[in-house]
Every structure is written in structure tokens, then in C-alpha cells.
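Coordinate inspection notes
Listed below, chain by chain, are the residues.
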Amino acid sequence: MDLDDIAARLGVPVADVARVHRLAGDGPSAPLPAKADVPAILERLAVRPEDAAEITAGWPDPDSPLWTPELRWLLDRSIALVRADLGGHGWLPPGPELPRERGPAWRHLYVYAYLALAGVVTGYHRDHGIAADVSWATLADLGRNLAIDRRMRREGWPVMQSWLTLHARGGLYELGRLQHQRGATAIDLHIPESGPMTPDAVEASLDEARAFFPRHFPDERPTTFSCGSWLLDPQLREYLPADSNIVRFQRRFALDPYEEPEGQDADVEVLRFVFRTLSTPLDRLPRRTVLQRAIVDHLKAGRHWQIRRGHFPI
């Protein structure tokens, strides 16, 4: 099969297939775990039963009629693409966005890639002396994102499939309340959906990171914690109480001058994270919390949210 044929059969642009071919090259893929081991692995990755059932139903068995030659090619080369950047910590789409309504093989192709890479990245963790509980807490973001995508009626996955390559390459670690993304000069902070973001929980996570990165990556010497998020938008202080967890989190940061982020719409990101929807009209969004009411009222007034970046010393 040539690249034009693969792209036509997948229903995606040729340029997307050519990118996978170029970045994966002839590099090694990685085998999927034994099917008998999959239920235990999915449970360890916090994958909920309804998602686990779909993943199992679409499993890439050698004789599965669900897996056409072009899908098998993309799975193999997507694994190789991500594996080639093992240890990397930049944004890395694993392949083209697929028409997921075509069935479980299409819907979860990049989940199968993640499962194949789990063994690769846990080996990378062991080589760096990282404890297994940190490895599995980090990789269990798969289950969290699948559950969120289900809540979003499948709207969330195009971003999530790239986000999860950070975990699969050893570029990001979940340490307590926060996720910490490696970088040359800064550790970038991310806030998963995992409970209240209290100042004590945030500080404990930062303290853990202060010890974790020098121990396991001694050749890297970041000097700051950084974060780029709508959570740092100062406009939120017009609506939230001064003692709210979000405002107290903001106060840790010195904000960089505002620049409109390329390829990101802050209004869309706020709807994604606060309401887990990208298509519900404003009048139909819930207004149960102060934050929800703030988001909706701000947008209905014709105003816009901002993604702001800030930092503070490690």
C-alpha cells in the first residue's frame, strides 16, 4: 500500500499519513500486551468498565475483520512515531484524527498504541529509578481522559490523543495533585480533574516535584515552575472570592505579558474544562457553581477569556 492509498482508505489527508511515515521511519514499534493480561492492565490504568468493554471488543487480534491493512499500518507506525521520541516532552500528535464512529478499532486506535507503549515507558521509568506507583499513577490518566471523552460525547479525544503521548514518552509525571511536564528551563504544571485544588495539596505536589526531578533527571536543571492556562486569567478575580482555590493558585504566579496563543481559543478551552462540552449552547449550560455562572455570564456579555502564562521559582 502506498501513502495515497492508505490516506484514502482512512479518510484522512495524505499530508497526515506522510507525517506519520516521515516521523516513524523504519523505527521499531512495540507489541501489544497479551490479551489475557489486558483486563488487569486496563484496571490499573483506571479505565472504566464501559470503556474497557469497547477496547476489548476492538482488540487487534491477527484474524480480526475490524482491522484492515491501513489500520494495522497506522497502529504500527503510530507506536513507532511515539517511541522514536521516548524521553521527549513536547507536544506530539501520534497520527491523524480518525472517523471514530466507524467502530471500536477506529475509535480506540491510539488507545491500543498507548497500551503497547506502556511497557516501553515503564522501562524508561525504571532506568531512571522512578517508582512503579508514580509510573502507574501517571499512566492512569488514560482512564480519566476516556471517561471525560465519553462525558463529552466523543468531542474531547482529538486533543487527548496528543496529550497522552506526553505520558507515553516519560515527558510528564503525576505527583500528588498536579501533573508536572519536563522542560529544559521550566517544569510546566497541569491540573487534572482529581478533586479540590487546595493550597496544601498544591504545595505538597510542588514539594514532591522539587525532590523528584533532581533525583531522576539530574542532568536537567529547570529553575521555574510555569503554567499556561485559562485558570491564570486575572478576569476570574472579578467573579471568584479572594479565598477560592483558583485565586490562591493564581497568586503563586508572576504573569507574562499577554499573547494570544497560536492554535488555541481560550473560550473553547474554558468550556472544555469547566463544562466538558464544546457544543452546548450557553443558555443550556449548568449554573450550579460560582465558576460556572462566571464563565457563562462573561461570555454572554460578549467578553472573552484568556489563556495566560505565568511562572515562579522552583
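See the structure above.
What comes next is a walk through the structure. A quick note: this is a predicted structure, and the numbers were derived from the prediction, not measured.

Things to note about the packing of aromatic side chains
Tallying each qualifying case throughout the model produces 11 aromatic pairs. Between Phe212 and Phe213 the ring centres are 5.0 Å apart and the planes differ by 80°, which places this aromatic pair in the edge-to-face class. Neither Phe212 nor Phe213 differs from the other in exposure class; each is buried. Between the aromatic rings of Tyr239 and Trp305, the centroid separation amounts to 5.9 Å while the plane-to-plane angle is 55°, which identifies the pairing as tilted. One end of the pair, Tyr239, is in the loop between strand S4 (224-229) and helix H12 (245-250); the other, Trp305, is in the loop between helix H14 (290-300) and strand S6 (308-313), and 66 residues separate them in sequence. Given a relative accessible area of 26%, Tyr239 falls into the partly exposed group. Three or more aromatic residues joined by ring pairs make a cluster, and in this case those are Tyr173, Phe212, Phe213 and Phe217. Arg102 extends its terminal NZ or CZ atom over the ring of Trp106, reaching a point 3.8 Å from the ring centre. For the cation-ring pair, Arg182 lies above Phe217, with the distance from its terminal atom to the ring centre recorded as 4.0 Å.

A look at the pairing of S6
Side-chain alternation along S6 places Arg308, Gly310 and Phe312 on a buried face and Arg309, His311 and Pro313 on a face that remains uncovered. Both strand S5 (residues 254-255) and S6 contribute to a ladder of two bridges, which runs antiparallel. Across the sheet, the residue bridging to Ala254 is His311, located in S6.

Focus on the nonpolar core
Within the largest apolar cluster, 52 residues are counted, with the highest numbers of intra-cluster contacts made by Leu10, Ile55 and Leu142. Ranked by residue count, the leading element in this core is helix H7 (residues 109-127), at 12 residues. Residues contacting Ile55, with those up to four places away along its chain left out, are Leu42, Val47, His108, Val111, Tyr112, Leu115 and Leu146. Counting residues in each nonpolar core, the second largest holds 39 residues, with Val134, Leu206, Leu291 and Val296 among its members.

About the criteria used
- Residues numbered from 1 in each chain as written.
- Predicted model: local features only at pLDDT ≥ 70, side-chain atom pairs only at ≥ 80, totals over all residues.
- Heavy atoms only, no water.
- Phe/Tyr/Trp six-rings, centres within 6.5 Å; stacked < 30°, edge-to-face > 60°.
- Buried < 20%, exposed > 50% of the residue type's maximum accessible area, 1.4 Å probe, protein only.
- Helix = DSSP H or I, 4+ residues; strand = E, 2+ residues; numbered from the N terminus.
- Lys NZ or Arg CZ within 6 Å of the ring centre and 35° of its normal.
- Pairing = 2+ DSSP bridges.
- Core = buried A, V, L, I, M, F, W, Y, C linked by side-chain atoms within 4.5 Å.
- Contact = heavy atoms within 4.5 Å.

These values are about where atoms sit, not about what they do.
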